[in-house]
Structure formats: structure tokens, C-alpha cells
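Here are the chains, one letter per residue:
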Amino acid sequence: MPAADQNATPPGFGITLDTAAAEPRVVVTGELDLLTSPQLQETLAGLIADEKSHRVVADLTGVTFFDSSALNVVLHAQRDAGERHVELEVVPSPAVSRVIELTGVAEHLSVSEDPQS
């Protein structure tokens, strides 16, 4: 049997970067888990490190599954953003909101319910 491709993207997963708006927006669809979270981490890290960005929106309204590795990526991105004086706003789906609520980390994140805010 061939080994699984570690770089394969699961069906239905996608990250779209909208830099045409006043603030960069990362739109994620599908499952954010151990396999896909590194892609989100890389995208957010690049935007947060960009000295032109003062605010970055992570639109997770299309995320259908969100595990602890994804939560870890978002929490680290929030910390890095704060250190660089960048506002990182997370717009969660119901799946993401549930994990944030269950883990009690809401006070460590800037969460908005409006994907266009």
C-alpha cells in the first residue's frame, strides 16, 4: 500500500485569502484538524508579520470541524498578533464556537459573530 500523502488536502477544505479589502481576510472552509491546521497557521503568520496589516480577520464561518490543534493555531496567532500590535478577529462557525466555549478560552480571543465586521 502506498503511504498517505502528508500534503494532501482533504475534500471540501480550503483557505482563501482576500487582501483586496481594507483588512486582510482569511476565509476557511471544511475541517480544521491536525492535517489542515498548519495551512491556517502559515497563512495567519504571514499576514500578522506583514507590517502593513493592523487588523486581520479569520473568517471560520465555513469550518465544519475544529479540533485542539486548530484551537492551538488560533491561540498562538492571537498571541503573536498582540505582540505585533495587530488585531486578529475570529469569526466562528457553530463548530468553532462550541470548542471555544467548551475550552473556556473566549477571553483570550477577539471573537465576532459578524463575518463582515
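Preceding block: the structure.
As the structure is a computational prediction, the values presented were derived from the model and not from experiment.

Criteria and cut-off values
- The numbers attached to residues start from 1 for each chain and follow its sequence in the written order.
- Since the coordinates come from a predicted model, pLDDT governs what is reported: local features require at least 70, and pairs of side-chain atoms require 80 or more to be given and counted, while whole-chain, interface and lining totals use all residues.
- Hydrogens are left out, water is left out, and the side-chain values use all remaining heavy atoms of the structure.
- The pairing criterion for strands is at least two bridges between them, as found by DSSP.
- A run of H or I in DSSP counts as a helix once it spans at least four residues, and a run of E counts as a strand once it spans at least two, with each numbered from the N terminus.
- Only heavy atoms enter the contact rule, under which two residues are in contact if any of them lie within 4.5 Å.
- Note on definitions: angles span 0 to 180 degrees between N-to-C directions of axes, and those axes are lines fitted to C-alpha atoms, for helices only across the stretch in contact.
- Residue exposure (1.4 Å probe, protein chains only): buried if accessible area is under 20% of the type maximum, exposed if over 50%, otherwise partly exposed.

## Some words on the sheet that holds strand S4 (residues 87-92)
So, point 1. What the five strands build is an open sheet, ordered S1-S2-S3-S4-S5; its pairing is mixed. A single partner strand is all that each edge strand has here, and the edge strands are strand S1 (14-18) and strand S5 (110-111).
So, point 2. Across two bridges, S4 lies against S5 in parallel orientation. Bridge pairing in S5 places Val90 opposite Val111.
So, point 3. Against the sheet, helix H2 (residues 68-83) engages strand S2 (25-32), strand S3 (55-66), S4 and S5, with an angle of about 150 degrees to S4.

## Overview of the pairing of S1
So, point 1. Bridge analysis of S1 against S2 gives five bridges, and the strand direction is antiparallel. Looking at S2, one finds that Leu17 is bridged to Val26.
So, point 2. From the end of S1 to the start of S2, which pair antiparallel, there are six residues.

## A few points about the environment of Val90
So, point 1. Inspection of the secondary structure puts Val90 in strand S4.
So, point 2. A relative accessible area of 1% means that Val90 is categorised as buried.
So, point 3. Remark: the alpha-carbon pair of Val90 and Leu35, spanning 55 residues in sequence, is separated by 20 Å.
So, point 4. Leaving out residues up to four positions away in the same chain, Val90 has contacts with Ala58, Leu60, Val74, Ser110, Val111 and Ser112.

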